[in-house]
Structure formats: structure tokens, C-alpha cells
Amino acid sequence: MSKERDFLYAQDEKVDISKEVNFIWAIANRLRGPYQSDKYKDVIIPMVIIRRFESALEPTKAKVLDVLEKHPDYPDKALKKIAGYPFYNKSRFSLAELVNDPDHLAENFKDYLNGFNPRVQQIIKNLEFEKQIDKMNQHNRLLSVVKAFSELDLNPNRVDNIKMGYIFEDLIRRFSENAEAGDHYTGRDLIAVATACVLAEGCEDLFDDYKIVSVLDQAAGTGGMLSTAYNFIKRMNPTADIHLYGQEINPESEAICEAEFMIKGQDSSNIRLADTMKTDCFQNTQVRLCLENPPFGQAWKGKEAGDGVEKAVMDEYAKGDLGRFPAGLPSDMQLLFFQSALDKLEPNGRAAIFSNGSPLFTGGVSSGDSQIRKWLLENDYIDAIIQLGTDLFYNTGITTYIWILSKQKQLHRRGKIQLIDASSFSHKLRKALGNKRNEITPEDRKQIVELYANFEENEYSKIFDNDEFIYREYTIMQPLQRSYAITPERVENLISGNYLGSLYDEAKVYQLENSEGELSAKDQKALDKYQENKPKFDAIIDSLKASISDKTYTSPKAFEPALTQALVGIALDKKLKEKIMDGLSKMDKNAEIQRDKKGNILYDKETKDTETIKINESVEDYMKKEVLPYVPDAKWFFEEDLSKKKPVIKTGAEIPFSRFFYKYQQSEPLEKIVADFMRLNQETEQLTKELFGDASND
């Protein structure tokens with residue numbers, strides 16, 4: 001960037017939230033008994049949100065009530081202006097006042113909640129909190145919880161949005177320790193790295209006075225990425241007009257996010273409780289930046305997918321280039337989020353997206369994952385991929401990656417992709433937080449961002465042309481050369497290889513005969529057919545065993561009379577006879593090369609192998625270098641040449657990240673290994689003697 005990047009490296013002041021979090025967690029412990037620990041959040045999250053709203057409104061609550069007493073129909077917009085926030089509460093109650101009437105606490109509490117403006121009521125309704133009021137009341141927990149929360153100070157003048165964000169982060173971290181696989185809460189240190197990288201380049205225009213900047217997170221969680229992006233951009237340009245948009249499927253997380261947006265004065269209507277896979281809540285909105293951490297490994301189809309998700313994705317995919325998923329359908333949701341993010345970006349938009357390793361290499365050449373990677377590379381959307389270290393998330397220790405995507409790359413990056421190994425740039429936490437044992441410090445962040453922004457090759461940064469990762473898959477086969485014989489080994493191969501499975505399949509017969517319950521009509525018909533064919537199967541095997549010979553034939557034409565003689569009297573159609581011949585054959589380079597009626601060489605399907613060759617490399621050169629020195633008569637085929645049906649896609653892409661940063665570890669000398677073994681053996685013997693005595697003295 002043309003201006004200094006210092007704003008990317010600024011370190012937030014250390015925020016001490018221990019007092020508030022310990023206080024809240026002590027309240028949570030009062031729920032023990034009626035609630036299991038994994039259900040504490042059903043009470044704690046809504047109560048924190050309610051108390052946060054109440055604390056914000058405390059200075060102006062009396063004014064709102066005074067106005068309403070004189071003008072009961074006072075306009076909504078005017079009430080918000082008096083309250084000082086885009087929300088208010090008409091109720092005469094507060095949490096502290098509710099405690100004064102314990103006999104009517106549940107009823108009055110609901111009345112108090114109904115005093116909020118409709119949008120806040122909807123947030124609380126989405127959390128189904130009235131059920132918890134009744135449950136706590138029934139189990140004599142309501143009074144204690146309400147009283148405790150009334151004493152919690154969350155006034156924005158003393159607990160600013162940054163501190164409140166950290167409080168929510170810590171609570172969610174504790175509650176997410178038992179989260180489902182794929183739901184990985186993103187710490188602020190990780191968000192800061194992603195945000196700094198996405199702003200480090202291609203964002204010079206964001207310095208313009210009063211620049212309008214839109215930011216989207218399609219898996220918004222509690223809004224950490226949006227808040228961090230807001231703070232970074234404000235440091236970058238205090239005059240910027242920032243518009244934040246978010247979708248989140250989890251009601252608790254969405255409620256936290258929306259509540260904080262209201263208190264910040266952001267347009268909370270831009271935070272939506274919705275499944276991004278099912279709907280785009282901002283269809284007519286294009287954004288400058290997109291930051292997100294979509295769920296890892298979650299299914300979008302089949303039994304494990306959410307209700308209606310598969311149909312919604314398929315309907316969107318059917319729109320082709322006009323839809324959000326133009327490149328294909330992957331194995332899990334992650335690459336769907338990638339496509340949707342790019343669909344939402346302005347022509348010069350940029351994105352930072354977290355992923356696990358799956359989007360890099362999952363799937364064969366014609367899979368949806370491979371085709372999406374190919375689409376990303378061919379459209380030059382991938383700026384960089386940054387590998388982070390392990391143990392950085394609160395509830396998973398796996399290696400993660402940040403993909404920096406750009407709709408309009410800087411000139412020097414076009415046609416290139418940068419891979420950065422930042423796995424060593426982190427520091428141990430003094431105390432582990434769940435699975436999070438490491439953190440990325442501001443100093444680590446600076447190193448990572450500089451590696452990205454400098455765009456130079458070194459130990460941690462590699463730069464490649466896009467087509468380095470696009471490949472074609474070729475089929476390699478050898479000429480069909482097989483010898484034929486009736487030997488004990490080949491008869492056994494005929495049986496074990498199930499070459500006669502269409503006639504009689506012993507495994508399937510066993511399965512059908514031993515299945516529980518009554519067989520279906522279809523299965524019974526199959527069993528009857530197998531049993532009917534069993535005498536013929538036995539006759540073939542018995543006849544072959546009676547014709548055992550050492551004689552070997554080098555072509556099917558030479559072998560056929562001998563086979564006919566061995567099976568004389570057994571009716572065989574052409575197809576069954578061919579299967580028997582196949583079962584009695586094996587590859588033999590001394591046999592004749594078989595040809596079709598036109599004299600063309602036939603190739604042995606049992607020798608079929610595949611080779612993946614970079615798109616910019618000649619297959620002929622590859623064969624000369626990698627195949628023909630070892631298999632001189634091999635021939636390559638492109639899959640379309642072999643398919644008699646619709647051609648199969650055999651051009652794909654994968655990004656084998658770790659291959660480019662592999663470091664050979666020199667093994668220890670054999671002498672040292674032997675010495676260590678002998679030492680350990682002696683120590684074991686000594687320990688055994690000390691524990692059990694010397695067996696030689698028995």
C-alpha cells in the first residue's frame with residue numbers, strides 16, 4: 001500500500017474482563033440442578049443481553065417514562081432519540097425493581113421484556129427465553145438469577161464495546177467447549193490476522209475521505225469479525241462511513257451480534273438470523289470486503305444436512321452463472337461459502353476466509369471440490385493462502401488456513417498465487433483456554449502480514465503461477481498380453497476373483513440365507529436364481545479341476561479349444577465363456593499382443609493406472625521422463641478417448657500446500673539408535689528386577 005501499514009499492527013490495550021466474567025459464571029452455577037452445564041447458555045446469554053440493554057438505557061430511562069406518561073402514543077423514532085439508542089423500554093420495571101415483588105416475578109419479568117421496542121423483543125423471542133423464565137420460576141432459581149444480574153454493571157460508559165466483545169468471547173468460548181464439530185469460535189487474534197492481511201493490499205481507496213465501506217460476514221457468529229474490521233478501518237480512515245452486514249444461523253450468536261450493533265449505533269437490521277446456504281439476505285447488496293469463518297466439514301446434502309438445505313443449494317446451483325454457486329457442488333459447505341462470498345463482492349472486492357485443509361485437496365479430478373478450485377484459479381481469484389499453526393481455536397486443535405481472495409488483483413499478483421507457511425508464528429498461552437494453547441501476538445501478526453504484503457519468495461513464502469495447480473488426469477495402460485492355463489492356482493483365482501458371480505455368488509447367498517426377517521420379493525428371486533445355478537457352477541469348477549494341466553497358452557484363440565474340451569457337455573454362452581477365460585488368465589509379457597478385428601492393439605484394463613500431469617506440461621515429455629523408462633510399452637489415454645458414453649471431466653485442480661514447505665529431517669545415525677535401544681533395554685531389565693525380584697534366584 002502507498003501509505004503506512006502501522007494501523008494493521010496496532011495492539012489493542014489489554015482488557016481485564018475477569019471481574020465481569022467471574023461474576024457471570026458464578027450466576028451460571030446457581031442454575032445447577034435444573035440445568036445441565038451445557039444448557040446454562042440458554043439463560044446466561046439472554047440475561048447478559050438484557051442486562052446490557054438495560055445498562056445502556058439507565059441514564060435516559062426516566063426521561064422516556066416521563067414522556068410516555070404525558071404522551072402514551074409518542075412516536076417510536078422520537079423515543080429512540082430520547083433513549084440515545086435505536087431501542088428503548090417502556091416498562092416501569094427494571095431488573096432491580098422486579099426483585100421487590102418476588103410473588104409476581106415471572107409475570108412482571110415478561111411484562112418488563114414486552115416493554116422493549118419490537119426489534120429487541122424479537123431478539124429475545126428468537127432465544128425462546130420465556131420458556132427459561134417459567135423453568136427458573138418453577139425450580140426456584142428466577143429470583144436469585146434476576147437479583148444477581150441486576151447487580152452486574154454493563155454500562156457502556158464503563159464497559160465499552162471492545163470490553164463487552166471480550167466478555168461475550170469468553171462466555172461463548174466456555175459454552176463452545178462442547179460445540180458440535182465444525183463450529184469453531186474464532187478468537188480475536190485470528191480475526192486480526194485475517195483482517196490485517198485483507199487490508200494490507202488493494203485497499204488504497206479506503207483512505208479517501210468519507211469513503212463508504214461495506215463489510216459482510218456470512219457466518220457472523222457474535223460479530224467479532226465485523227467489529228474487528230470496523231475498528232481496523234476506523235484506524236485506517238477515521239472519516240470512513242462503514243456499513244456492516246451479517247448472517248448467522250445460531251440464535252444466541254445472532255442475538256449477541258445484533259444487540260452490540262444496536263449499542264454501537266450500527267444498523268442492526270443488517271444482522272439477520274438466517275442460514276446462508278438457504279438464502280442470501282442481501283441480494284441487491286455488493287460489498288467491498290468479506291470476512292468469515294464458515295463451518296468446517298458440515299454437510300449441505302444428505303441426512304446430516306439441515307432441513308431444506310440440500311434443496312436450496314441445488315436450486316441455486318441450477319441457476320448457473322446467475323446463481324451463487326456457479327463453479328460446482330463440493331463435499332462440504334466450505335467451498336459453497338467461498339463461491340457465495342465472491343458473488344457478493346464488488347468488482348474490486350476482497351475476502352479473507354478461514355478453512356481447514358479440505359478445500360485444498362479433497363476430491364478426485366472430476367469432483368465438485370476439484371472443479372471449484374479450478375474455477376478459482378482460472379478466474380485468478382486466489383491472492384494467497386496462509387497456513388496457521390495448531391491449537392489456535394478454542395475447541396479444535398487442527399491446522400487451519402486463511403484464503404485471501406480478490407476480484408481484482410494487484411498487477412504484480414495477476415496469474416500468481418502466494419502460499420505462506422505461518423504455522424510457526426504464534427506463542428504459547430500462559431494458560432490454555434480449551435483447545436487454544438497458542439495465540440498470535442501483534443508481533444506475530446506483523447510478520448505474517450509483511451510476508452504477504454512483500455510478495456517475495458523465502459523460507460516461509462512461495463509464489464507460483466496459477467496453472468501450477470491445474471492438472472489433467474491421464475490413463476496409462478499396457479498392451480493386452482495374457483497367458484492362459486488350467487492350473488490349481490488359476491482355478492482358485494477364478495473362484496476367489498468372483499468371475500462367475502453372475503452365475504453363483506457364494507458371499508451373497510450366505511448373506512441372503514442368514515438375513516434377519518423375511519426376504520423381499522426381489523431378494524428371494526435372486527436367492528432362488530443363485531440356488532438354481534449352483535449345480536452348473538459346481539459342474540464348471542469340477543470339470544476344470546479334472547482338467548488340470550501344466551500347459552500354458554499364449555493367446556485366447558489357442559486356449560479356447562482346450563477350454564471347450566474341458567467343459568464339454570456344459571452349456572456356456574459367449575459372455576460366461578469369456579469370464580472363465582479371464583479368470584484363468586494372467587498378465588504375461590511373453591504372450592502374444594492381442595488386437596481387435598482391425599488390427600489395433602488392445603490394452604489390458606488390469607494394468608490401468610492414472611497419472612496426474614500439470615496442465616502446462618506435455619504428456620509426451622512426462623511419459624518419456626516418468627513412465628517409459630520403467631514400462632516401455634505403456635500408452636497414455638485421455639479419459640474421453642476411453643469413454644463410450646458422455647465424456648468424463650478429467651481436468652481438475654488441487655493445492656498440495658505442505659509439499660512445498662516440506663523439510664527433510666535427517667534421521668539419527670544407526671549407531672546412536674542401537675545405543676539408545678540397548679540403554680532402554682538395560683533400564684527396563686533393572687526396573688523389572690526392582691519390582692519383581694531377580695527371577696534367577698527362584
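Residues numbered from 1 in each chain as written. Predicted model: local features only at pLDDT ≥ 70, side-chain atom pairs only at ≥ 80, totals over all residues. Heavy atoms only, no water.

Novice: Sorry, what's going on with the overall build of the protein here?
Specialist: The secondary structure content of the protein amounts to 26 helices and 18 strands. By the compact-globule yardstick of 26 Å for 698 residues, the protein is too spread out, its C-alpha radius of gyration being 35 Å. Judged by the C-alpha coordinates and their principal axes, the protein covers about 110 × 80 × 65 Å. Pairs at least 24 residues apart make up 77% of the contacts formed inside the protein by residues separated by at least 6 positions. If you sum the accessible surface of the protein, you get close to 35,600 Å²; carbon and sulfur atoms cover 48% of it. Taking the average place of the 95 positive charges on the side chains of the protein and the average place of its 114 negative ones, the gap between the two points comes to 3 Å. (Helix = DSSP H or I, 4+ residues; strand = E, 2+ residues; numbered from the N terminus. Rg over C-alpha atoms; globule rule 2.2 N^0.38 Å. Contact = heavy atoms within 4.5 Å. Areas by Shrake-Rupley, 256 points an atom, 1.4 Å probe, with all protein chains shown as cover. Lys, Arg positive; Asp, Glu negative; His and termini not counted. Charge placed at Lys NZ, Arg CZ, Asp CG, Glu CD.)

Novice: Help me understand the packing of aromatic side chains in this model?
Specialist: The geometry of an aromatic ring pair comes down to the distance between the two centres and the angle between the two planes. Going through the model one piece at a time under the given rule, you end up with 21 aromatic pairs. Judged by centre distance (4.7 Å) and plane angle (65°), the rings of F53 and F87 are edge-to-face. Highlighted residues: F53 in helix α3 (residues 41-70) and F87 in the loop between α4 (76-83) and α5 (95-98), separated in sequence by 34 residues. The class for F87 is buried, based on a relative accessible area of 0%. Aromatic side chains F338 and W403 sit 5.0 Å apart centroid to centroid with 80° between the ring planes, which places their arrangement in the edge-to-face category. Linking F338 in helix α15 (residues 334-344) with W403 in strand β7 (residues 401-406), this pair joins segments that are 65 residues apart in sequence. Each of the two residues, F338 as well as W403, counts as buried. Following the ring pairs from residue to residue traces out a cluster consisting of F53, Y85, F87, F109, Y112, F116 and F129. Sitting over the face of the ring of Y166, R188 holds its NZ or CZ atom 5.4 Å from the ring centroid. The positively charged end of R235 is found above the aromatic ring belonging to F232, 5.1 Å away from the centroid. (Phe/Tyr/Trp six-rings, centres within 6.5 Å; stacked < 30°, edge-to-face > 60°. Buried < 20%, exposed > 50% of the residue type's maximum accessible area, 1.4 Å probe, protein only. Lys NZ or Arg CZ within 6 Å of the ring centre and 35° of its normal.)

Novice: Any chance you could explain the pairing of β7 here in plain terms?
Specialist: Note on strand geometry: in a regular strand, side chains alternate between the two faces of the sheet. In terms of burial, β7 is a largely internal element, six of the six residues being buried. Burial along β7 is two-sided: the residues Y401, W403 and L405 and I402, I404 and S406 are all buried. Of the strand pairs in this sheet, strand β5 (residues 345-355) and β7 are connected by six bridges, and their pairing is antiparallel. By the bridge assignment, I353 is partnered in β7 with W403. With five bridges connecting them, strand β6 (residues 382-387) and β7 associate as antiparallel partners. Residue pairing across strands places I386 opposite I402, the latter belonging to β7. (Pairing = 2+ DSSP bridges.)

Novice: Looking at this structure, how should I read the sheet that holds strand β13 (residues 482-485)?
Specialist: To summarise the sheet geometry, strands pair through backbone hydrogen bonds and adopt either a parallel or an antiparallel arrangement. Across the sheet, which stays open at both edges, the three strands sit in the order β14-β13-β15 with antiparallel pairing between neighbours. Looking at strand neighbours, the two that pair on one side only are β14 (552-553) and β15 (585-587), the edges of this open sheet. One ladder, built from two bridges, connects β13 with β14; its direction is antiparallel. When the sheet's bridge partners are listed, Y484 is paired in β14 with Y553.

Novice: Whenever I open this one, the pairing of β6 confuses me. Can you help?
Specialist: The buried fraction of β6 amounts to six of the six residues, a majority that puts the element mostly inside the structure. Two elements, β6 and strand β8 (residues 416-421), share four bridges in a ladder whose sense is parallel. The partner of Q387 across the bridge, within β8, is D421.

Novice: Help me understand the nonpolar core, please; the structure alone is not making it clear to me.
Specialist: As a rule of thumb, nonpolar side chains are buried together in soluble globular proteins. Counting residues in each nonpolar core, the largest one holds 61 residues, and the members touching the most others are I44, F109 and F149. Ranked by residue count, the leading element in this core is α3, at 12 residues. Contacts of F109, omitting those with residues within four sequence positions, involve M47, I50, L95, L98, F129, I133, L142 and V146. Residues A200, F207, V215 and I242 belong to the second largest nonpolar core, which totals 50 residues. (Core = buried A, V, L, I, M, F, W, Y, C linked by side-chain atoms within 4.5 Å.)

Novice: Explain the pattern of salt bridges here, please?
Specialist: Oppositely charged side chains can pair when the atoms bearing their charge come close. The tally for this structure, following the rule as stated, stands at 35 salt bridges. For the salt bridge of E378 with K374, the shortest nitrogen-to-oxygen distance reads 3.4 Å. You can see E378 and its partner K374 sitting in helix α17 (residues 368-378), four residues apart, about one turn around the helix. Classification of K374 by relative accessible area gives buried; the value is 17%. Between D604 and R482 there is a salt bridge whose closest N-O contact spans 2.7 Å. Of this pair, D604 sits in the loop between β15 and β16 (609-614) while R482 is found in strand β13, placing the two residues 122 residues apart along the sequence. A single salt-bridge network, built from bridges that share partners, covers K41, D42 and E252. (Salt bridge = Lys/Arg side-chain N within 4 Å of Asp/Glu carboxyl O.)

Novice: Teacher, can you tell me more about the side chain of T195 here?
Specialist: Considering the arrangement of structural elements, one finds T195 in helix α11 (residues 188-199). At 2.8 Å, the side chain of T195 forms a polar contact with the backbone oxygen of I191. Excluding residues within four positions of it along the chain, T195 makes contact with T228, A229, F232 and L291. (Polar contact = N/O pair within 3.5 Å; in protein donor to acceptor, adjacent residues only side chain to side chain.)

Take it as geometry only, folks, not as evidence of what the structure does.
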